[in-house]
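Report on the structure
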Number of protein chains: 2
Amino acid sequence: MFKTGCMLTQSEENYLKAIYSLSEQNAEMISTNLLADKMATKASSVTDMIKKLSEKSLITYLKYQGCELTPFGRETALQIIRKHRLWEVFLVEKLNFGWEEVHEIAEQLEHIQSSKLTDKLDEFLKFPKIDPHGDPIPDKNGVFQKQIIAQPLASIQISEKATITGVEDGSSEFFQFLKRYEIGLGTEIKVLEKFSFDQSILILVGDKEINLSALVSQKIYVCQA
Amino acid sequence: MFKTGCMLTQSEENYLKAIYSLSEQNAEMISTNLLADKMATKASSVTDMIKKLSEKSLITYLKYQGCELTPFGRETALQIIRKHRLWEVFLVEKLNFGWEEVHEIAEQLEHIQSSKLTDKLDEFLKFPKIDPHGDPIPDKNGVFQKQIIAQPLASIQISEKATITGVEDGSSEFFQFLKRYEIGLGTEIKVLEKFSFDQSILILVGDKEINLSALVSQKIYVCQA
DNA sequence: TTCAATATTTAGCCTTGTCTAAAAATAGTT
DNA sequence: AACTATTTTTAGACAAGGCTAAATATTGAA
Ligand SMILES: [Mn+2]
Ligand SMILES: [Mn+2]
Ligand SMILES: [Mn+2]
Ligand SMILES: [Mn+2]
C-alpha cells in the first residue's frame, strides 16, 4: 500500500512502543514473557516478531536472553510516541474530547504515515511539551524533557499536600474512574490517611474524602510544590 | 483490537469506496474486471473480496454478473467518503497543506474508527459542504448535495468562458500538474481552440495559454456562470 | 550436582489478502 | 449453431501475524 522500503506495520510499531515503555522501568533486556504480557499475546508470537524487528535492526536480540532497542529503534519508537501524544493534544484541545477518551483514538492515529503531517500538527498545536496526561512529547528529533520530577501519590506522607502532574497512560476505564472523582492534571490533594493492611490511601480533593487503592495510588504522579 | 462485530478491514473499506465510485458512472452492476482495474489488483482477488462483502450484506453479488452496493453498503461507503473529505478539509484549512498533497494522507485517515471523532471534526471545521477538490461531503446521515451542475472542461465550446468547480480526485501527480499551471478551484478559463486529431484543448488561464490533453480535460469540471 | 519448575523457542496450523495458472462460463462472430 | 475470444471463477500457493502444543534452555532449590 505504501512505498518506502523501511515502512513498519502497525503491529511492528506497537511492539516497538511496548519495548520502549518496558525499557523505561526495566534496566536490563526485555524478556519475551514480559513483552508477551504487555502486548496481551503469546510468547511464541513475541519470539516471531522479535526476530523480525531484530532483522530490521530496530532491536538487538539474544536468544533466551531478551531484546533491547537499538538507537535507531529507540528513535523510531519516540516518533510513534510523539505522534500519539500530539494527536491526544489535538483531540482534547481542538475537538474538546475528555482526557479519558483520547488514548484509544490516538492508538490508531499514531500509525498515520507522514512526517510532514506530524510536523504541521505540532506547529498547529503550538509545539506542546506535554500531552493531556502529563507525559512529555518528543520533538521531531526525539528530544524531550525528562518527566517533571514526580513521585507516585503512594509515596506522599500523611498530612502532606501535593499537586497531580501526571497519570499513567492506560485504559479508558481508569480515566473514567479519575473523572468520576474529579481528579485531573493540576488537581490539588492532601493525604489524610494511609492504611497499611491494603496499602490504600485516603486523600482530600476539594472537600471530598476519597479512598484510593494501592494500584491507583501508584499510577497517579504528584509534585510537592 | 476493536470491539464491534461489524468492523471492516481497511481493505474491505477500500473496495467499498471503489464500488461506490464506479457505481456513480456505471448504471449497471460493477464487473469483476472493472473493479480489479480500479483497485489495481487481480480479478481473482476481487472475486474473493466480493464474496466476503456479499457475505456481510454490503453488496449483492451474482456470479458472472457482477456486484452492486446494498443500501447498507452504500451508507457505509458514504461514511468512509465523509471521513476522507473532512480530513482533506482539515489538512488544507487548518494545517495549510496544498490541495495536491492531501489525498494520500486522507486515504489513511479515512480508516480511523470513531464516529464521535468524525462528528467532532465536522463541527470543528464548521460543517463544510465541499472538500478542497470541489467534491460534496455527506453529512452524518449520508445526505449530501448532488455535485453542482458541472460538465467536463472537454465539453465546452470554443471561445466560451467557464469557472472550474471541481477536479476528479486522483493522484498527487495530477494535482501537482494543475498547480504547476496555476489551475485550481474557482480559476476562470476561456477555451481558445480544440484539436480534433488528439482531442486536446487550448485554454486561456490569466494571460497564459495552456494546452491540456484529452485525459486532463475530462478530469476537470467547470460551470458556465 | 541434580532435577524439577519456568522461560523460551520451534513446529505446525489458521485466517486474511494477495498472486498465478487452470477451468468454466459468457459473449461475439461467422 | 458453432467456435473463438474474453471474462470470471476456482484451485493452489505464499507472506504476515496470530495460536496451541511440543521441544529445548535456563534457573534455582534441594
Ligand atoms: Mn495515550
Ligand atoms: Mn497520553
Ligand atoms: Mn481525496
Ligand atoms: Mn477530495
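Here is what the cut-offs are and how they apply
Residues numbered from 1 in each chain as written. Chains lettered and ligands numbered in written order. Predicted model: local features only at pLDDT ≥ 70, side-chain atom pairs only at ≥ 80, totals over all residues. Heavy atoms only, no water. Donors = N, O, S within 2.8 Å, 3.2 Å for Na, K, Ca; no water. Buried < 20%, exposed > 50% of the residue type's maximum accessible area, 1.4 Å probe, protein only. Helix = DSSP H or I, 4+ residues; strand = E, 2+ residues; numbered from the N terminus. Contact = heavy atoms within 4.5 Å. Near = heavy atom within 4 Å. Polar contact = N/O pair within 3.5 Å; in protein donor to acceptor, adjacent residues only side chain to side chain. Nonpolar A, V, L, I, M, F, W, Y, C, P; charged D, E, K, R; others polar. Axes fitted to C-alpha atoms, helices over the stretch in contact; angles between N-to-C directions. Parallel < 35°, antiparallel > 145°, perpendicular 65-115°, else oblique. Least-squares fit on C-alpha atoms with pLDDT ≥ 70 in both. Core = buried A, V, L, I, M, F, W, Y, C linked by side-chain atoms within 4.5 Å. Pairing = 2+ DSSP bridges. Salt bridge = Lys/Arg side-chain N within 4 Å of Asp/Glu carboxyl O.

1. Some thoughts on the coordination of the manganese ion (ligand 2)
Residue and element names in this part refer to chain A. The manganese ion (ligand 2) binds to the protein through Glu88 (OE), Asp131 (OD) and His133 (ND1); the donor distances cover 2.0 to 2.2 Å. Within one chain, the residues serving as donors to the manganese ion (ligand 2) are arranged as E-x42-D-x1-H. Asp131 sits in the buried class, given a relative accessible area of 2%.

2. Let's talk about helix 5 (residues 102-109) of chain B
With seven of its eight residues buried, helix 5 of chain B lies for the most part within the structure. Restricting attention to buried positions, one finds in helix 5 of chain B the residues B:Val102, B:His103, B:Ile105, B:Ala106, B:Glu107, B:Gln108 and B:Leu109. In this structure, the buried side of helix 5 of chain B is in contact with helix 5 (102-109) and helix 6 (115-124) of chain A together with helix 1 (10-25) and helix 4 (71-94) of chain B.

3. Thoughts on the protein's contact with DNA strand D
By nearness alone, 19 residues border DNA strand D, and A:Thr41, A:Lys52, B:Lys51, B:Tyr61 and B:Lys63 come closest of all. The sugar-phosphate share of atoms of DNA strand D within 4 Å of the protein amounts to 82%. Take B:Thr47: an N or O atom from its side chain is 2.9 Å from a phosphate oxygen of DNA strand D. Broken down by secondary-structure element, the contributors of at least two residues to the surface near DNA strand D are helix 1 (10-25) and helix 3 (43-55) of chain A together with helix 2 (32-38) and helix 3 (43-55) of chain B. Here the surface near DNA strand D takes four residues from helix 3 of chain B, the largest share from any one element.

4. A few points about the protein's contact with DNA strand C
Residues in close proximity to DNA strand C total 20 residues, the closest being A:Lys51, A:Tyr61, B:Thr9, B:Thr41 and B:Lys52. Counting only atoms of DNA strand C within 4 Å of the protein, the sugar-phosphate share comes to 81%. Here A:Thr47 contributes a side-chain N or O atom positioned 2.9 Å from a phosphate oxygen of DNA strand C. The contact in question runs from a base oxygen of DNA strand C to an N or O atom on the side chain of B:Ser44, over 2.9 Å. Of all the elements in the fold, those that place two or more residues in the surface near DNA strand C are helix 2 (32-38) and helix 3 of chain A together with helix 1 and helix 3 of chain B. By residue class, the composition of the surface near DNA strand C is five nonpolar, 10 polar and five charged.

5. Thoughts on the packing of helix 1 of chain B against helix 3 of chain B
Residue and element names in this part refer to chain B. Put simply, helix 1 and helix 3 touch, their axes get as near as 11 Å, and they point 95° apart. Relative to helix 3, the element helix 1 is oriented roughly perpendicular. Across the interface between the two elements, Ser11, Glu12, Tyr15, Leu16 and Ile19 of helix 1 pack against Ser45, Val46, Met49, Lys52 and Leu53 of helix 3.

6. Side note on the relation of the copies chain A and chain B
Mapping chain A onto chain B calls for a screw motion: a turn of 180° about the axis and a shift of 0.0 Å along it, with 0.2 Å RMSD after fitting. Considering both components of the superposition, the chain copies are consistent with a two-fold axis. No C-alpha of chain A lies nearer the rotation axis than that of A:Leu109, which sits 3.8 Å from it. Looking at the interface residues of chain A, 96% of them are also at the interface in chain B, so both copies use one shared face.

7. Some points on the nonpolar core
Counting 34 residues, the largest nonpolar core has A:Phe90, A:Leu91, B:Phe90 and B:Leu91 as its most contacted members. Elements represented by at least two residues in this core include exactly helix 4 (71-93), helix 5 and helix 6 of chain A together with helix 4, helix 5 and helix 6 (115-124) of chain B. Other than its neighbours up to four places away in sequence, B:Phe90 contacts A:Phe90, A:Leu121, A:Phe124, B:Leu95, B:Leu121, B:Phe124 and B:Leu125.

8. Comments concerning the environment of B:Leu192
Residues and elements named next belong to chain B. Along the polypeptide, Leu192 turns up in strand 5 (residues 188-195). Along the chain, Leu192 and Leu204 lie 12 residues apart, while their C-alpha atoms are 6.7 Å from each other. With residues up to four places along the chain from it excluded, the contact list for Leu192 reads Ile158, Leu202, Ile203, Leu204 and Glu209.

9. Considerations on the pairing of strand 2 (residues 66-69) of chain B
Moving residue by residue along a regular strand, the side chains alternate between the two faces of the sheet. One ladder, built from four bridges, connects strand 1 (residues 59-62) of chain B with strand 2 of chain B; its direction is antiparallel. What sits directly across from B:Ile59, in strand 2 of chain B, is B:Leu69.

10. Let's talk about the pattern of salt bridges
Residue and element names in this part refer to chain A. Scanning all chains against the criterion turns up 20 salt bridges over all chains. Residues Asp119 and Lys140 are paired through a salt bridge, measuring 3.4 Å at the closest nitrogen-oxygen approach. A residue pair is termed long-range when its members are at least 10 positions apart, and Asp119 in helix 6 and Lys140 in the loop between helix 6 and strand 3 (151-152) qualify at 21 residues. Classification of Asp119 as partly exposed rests on a relative accessible area of 25%. For the salt bridge of Glu182 with Lys208, the shortest nitrogen-to-oxygen distance reads 3.7 Å. Linking Glu182 in the loop between helix 7 (172-180) and strand 5 (188-195) with Lys208 in strand 7 (residues 208-212), this pair joins segments that are 26 residues apart in sequence. It is possible to trace a salt-bridge network through shared partners that takes in Arg82, Asp119, Asp122 and Lys140.

11. Comments concerning unusual backbone geometry
Apart from glycine, the bulk of residues carry a negative phi angle, and the bulk of peptide bonds sit in the trans form. All names here are of chain A. Positive phi, close to 75°, is recorded for Ser159, a residue that is not glycine. Its place among the elements puts Ser159 in the loop between strand 3 and strand 4 (161-167). The backbone of Glu182 shows a phi angle near 55°, a positive value even though the residue is not glycine.

12. Things to note about the sheet that holds strand 7 of chain A
Residues and elements named next belong to chain A. Strand order in the open sheet formed by six strands is 3-8-4-5-6-7, and the pairing between neighbours is antiparallel. Edge positions in the sheet fall to strand 3 and strand 7, since each of these pairs with one other strand and no more. Relative to strand 7, strand 6 (residues 200-205) is paired through five bridges, and the arrangement is antiparallel. Within the sheet, the bridge partner assigned to Val205 lies in strand 7 and is Lys208. The sheet contacts of helix 7 involve strand 4, strand 7 and strand 8 (220-223), and relative to strand 4 the element is tilted by about 150°.

13. Digging into the environment of A:Glu182
Residues and elements named next belong to chain A. Exposure remark for Glu182: the relative accessible area of 56% places this residue in the exposed category. Sequence spacing of Glu182 and Gln157 is 25 residues, and the spatial spacing of their C-alpha atoms is 22 Å. When near neighbours in sequence (up to four residues on either side) are disregarded, Glu182 contacts Thr187, Val205 and Lys208.

14. Overview of the side chain of A:His84
Residues and elements named next belong to chain A. Structurally, His84 can be placed in helix 4. Residue His84 is classed as buried on the basis of its relative accessible area of 3%. A polar side-chain atom of His84 sits 3.2 Å from a polar atom in the side chain of His103. Among the polar contacts made by the side chain of His84, one reaches the side chain of Glu110 at a distance of 2.8 Å.

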